[in-house]
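Residue-level structural notes
What follows is each chain in one-letter form.
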Amino acid sequence: MFGYINVNGAQLSEENKKIYQSYYCGLCRKLKEFCGKKGQALLNYDMTFLVVLLTGLYEPDTQTGEFTCMMHPMKKRQLRENDIQSYAAQMNVLLAYYNLVDDWKDDHNYTKKTIASMFEKDYQRIKINYPRQTNAIEQYMEKLAAYEAEKQTNIDLVAGLTGEMLGEIFAWKQDEWYDELKTLGFYLGKFIYLMDAYEDLEKDLRKFYPNMLPIGAGCCTKCKTCTCPDAPCRFPDQAFSSMEAYGMLVTQVCQANGLEYYYGPCTIAYTSCYLLE
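Residues numbered from 1 in each chain as written. Predicted model: local features only at pLDDT ≥ 70, side-chain atom pairs only at ≥ 80, totals over all residues. Heavy atoms only, no water.

1. Describing the overall build of the protein
- For the protein, the count of helices and strands is 10 helices and 5 strands.
- Here the C-alpha coordinates of the protein stretch approximately 60 × 45 × 45 Å along the principal axes.
- Classification of the 277 residues of the protein by burial places 35% in the buried group.
- Restricting to contacts in the protein with at least 6 residues of sequence separation, those with at least 24 account for 66%.
- Surface accessibility of the protein: about 17500 Å² in total, with carbon and sulfur atoms responsible for 54%.
- Computed over 29 positive and 36 negative side-chain charges, the inter-centroid distance for the protein is 9 Å. (Helix = DSSP H or I, 4+ residues; strand = E, 2+ residues; numbered from the N terminus. Buried < 20%, exposed > 50% of the residue type's maximum accessible area, 1.4 Å probe, protein only. Contact = heavy atoms within 4.5 Å. Areas by Shrake-Rupley, 256 points an atom, 1.4 Å probe, with all protein chains shown as cover. Lys, Arg positive; Asp, Glu negative; His and termini not counted. Charge placed at Lys NZ, Arg CZ, Asp CG, Glu CD.)

Quick look at the structure:
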């Protein structure tokens, strides 16, 4: 669930980069305050986005300062701290806890189970502090398990579950901003689910179709630097080529399968496919 929301650093001024980093550092400190050093391992940019969003909206009293970071001890770091970071830190732990539990249920990963148990007491505290948000995640897990059991194929319906859950996380308070923040979280949650499902698609398909042939919209991107033609491919079972390289006409493939090819001016659509055996 984490890893899809990040700042576009190239579009920020140097001053704004420092401000953004200071909120990131502040969130790290709040994670440590709430559940110790293990909490800092959960730090991510996704929750920093929530901090910046809610801080800009509610404009809470924010403390600024400098500190020495154990990871970067050579230079003092700037930080900004406020009540919203305390909230985001607890939501960070809550989401990470359920991610670990879900990984255990799906893959019986004992490492994830062990790590989840380390946050059990923290989870119980969050449940008391934020019952609405905790209940939203619990309902999300139950509904998701039910959809998986019935092999639900409506991806929009399943993605909506993540949206409903994240909507409650984004809505810090039940006030005049509740509906707007819940709507923003809903659509962002759907986007995150679809991105996560897309990244797992090839791996999931290979479970059922080991001889599957993935065909992309361009050259293979598995490696940053390709070894060919100087050396054999590092991952021959994972490499892929474009549809055109296999002699396919993308327009014909789209038309034959009832898909749009042209989406209007100033729009580029990338088309790929999987051949299953």
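2. Structural notes on the nonpolar core
- One finds Leu-27, Leu-54, Tyr-87, Met-91, Val-93, Ile-137 and Ile-169 to be the most contacted residues of the largest nonpolar core, which totals 51 residues.
- Only α1 (14-35), α3 (45-58), α4 (83-107), α6 (120-129), α7 (131-149), α8 (155-170) and α9 (178-208) provide two or more residues apiece to this core.
- In terms of residue count, α4 provides more of this core than any other element does, 13 residues in total.
- Leaving out residues up to four positions away in the same chain, Ile-169 has contacts with Leu-50, Tyr-87, Met-91, Gln-133 and Ile-137.
- Core analysis: the next-biggest nonpolar cluster, separate from the first, contains 5 residues, Met-243, Val-250, Cys-254 and Cys-273 among them. (Core = buried A, V, L, I, M, F, W, Y, C linked by side-chain atoms within 4.5 Å.)

3. Thoughts on the side chain of Ser-22
- Take Ser-22: it is sitting in helix α1.
- Looking at Ser-22, its side chain comes within polar contact range of the side chain of Arg-80, at 2.9 Å.
- Not counting residues within four places of it along the chain, the set of residues in contact with Ser-22 comprises Gln-78, Leu-79, Arg-80 and Gln-85. (Polar contact = N/O pair within 3.5 Å; in protein donor to acceptor, adjacent residues only side chain to side chain.)

4. What about the sheet that holds strand β5 (residues 273-275)?
- Strand order in this open sheet of 3 strands is β4-β3-β5, and the pairing throughout is mixed. What marks the edges here is a single partner per strand, and that holds for β4 (241-242) and β5.
- In the sheet, strand β3 (residues 213-216) pairs with β5 via 3 bridges, with the strands oriented antiparallel. Bridge pairing in β5 links Pro-214 to Tyr-274. (Pairing = 2+ DSSP bridges.)

5. Side note on the confidence of the model for the protein
- Model confidence for the protein is summarised by a mean pLDDT of 90, while 99% of its residues fall at 70 or above.
- Element-level pLDDT for the protein is lowest in β3, with a mean of 87, against a maximum mean of 95 in α6. (pLDDT = per-residue confidence, 0-100.)

6. So, the packing of aromatic side chains
- Counted by the stated rule, this structure contains 11 aromatic pairs.
- Taken together, a centroid distance of 6.1 Å and an interplanar angle of 15° make the contact between Tyr-20 and Tyr-45 stacked. Of this pair, Tyr-20 sits in helix α1 while Tyr-45 sits in helix α3, and the two are 25 residues apart along the sequence.
- Look at Tyr-20 and you get buried, because its relative accessible area is 13%. (Phe/Tyr/Trp six-rings, centres within 6.5 Å; stacked < 30°, edge-to-face > 60°.)

7. Details of a nonpolar patch on the surface
- A cluster of nonpolar side chains, Phe-208, Tyr-209 and Leu-276, forms an exposed patch at the surface whose accessible area comes to about 320 Å².
- Within the fold, Tyr-209 resides in the loop between α9 and β3. (Patch = residues over 30% accessible without salt bridge, like charges linked within 9 Å, V, L, I, M, F, W, Y side chains within 5 Å. Salt bridge = Lys/Arg side-chain N within 4 Å of Asp/Glu carboxyl O.)

8. Structural notes on the pattern of salt bridges
- A full pass over the atoms with the stated rule returns 14 salt bridges.
- Glu-202 is paired through a salt bridge with Arg-206; the nearest N and O atoms lie 3.2 Å apart. One end of the pair, Glu-202, and the other, Arg-206, are both in helix α9, 4 residues apart, so they sit about a helical turn from each other.
- The class of Glu-202 is buried, set by a relative accessible area of 14%.
- One continuous salt-bridge network, built from bridges that share partners, spans Lys-38, Asp-122 and Arg-125.

9. Looking at the pairing of β3
- For β3 and β4, the ladder comprises 2 bridges, and the chain directions are parallel. In the sheet register, Ile-215 faces β4, and the bridge partner there is Ser-241.

10. With respect to the packing of α1 against α4
- Two elements in contact, α1 and α4, have axes whose closest approach is 8 Å; the angle formed by their N-to-C orientations is 65°. Taken together, the axis directions place α1 and α4 in an arrangement best described as roughly perpendicular. Seen along the crossing, α1 lies across α4 with a hand that is right-handed. Each of Ser-22, Tyr-23, Gly-26, Leu-27, Lys-30, Leu-31, Phe-34 and Cys-35 in α1 lies in contact with α4, whose residues at this interface are Gln-85, Ser-86, Ala-88, Ala-89, Gln-90, Asn-92 and Val-93.
- Looking at side-chain class alone, the contact of α1 with α4 contains 8 nonpolar, 6 polar and 1 charged residues. (Axes fitted to C-alpha atoms, helices over the stretch in contact; angles between N-to-C directions. Parallel < 35°, antiparallel > 145°, perpendicular 65-115°, else oblique. Left-handed = near helix turned anticlockwise from the far one by under 90°. Nonpolar A, V, L, I, M, F, W, Y, C, P; charged D, E, K, R; others polar.)

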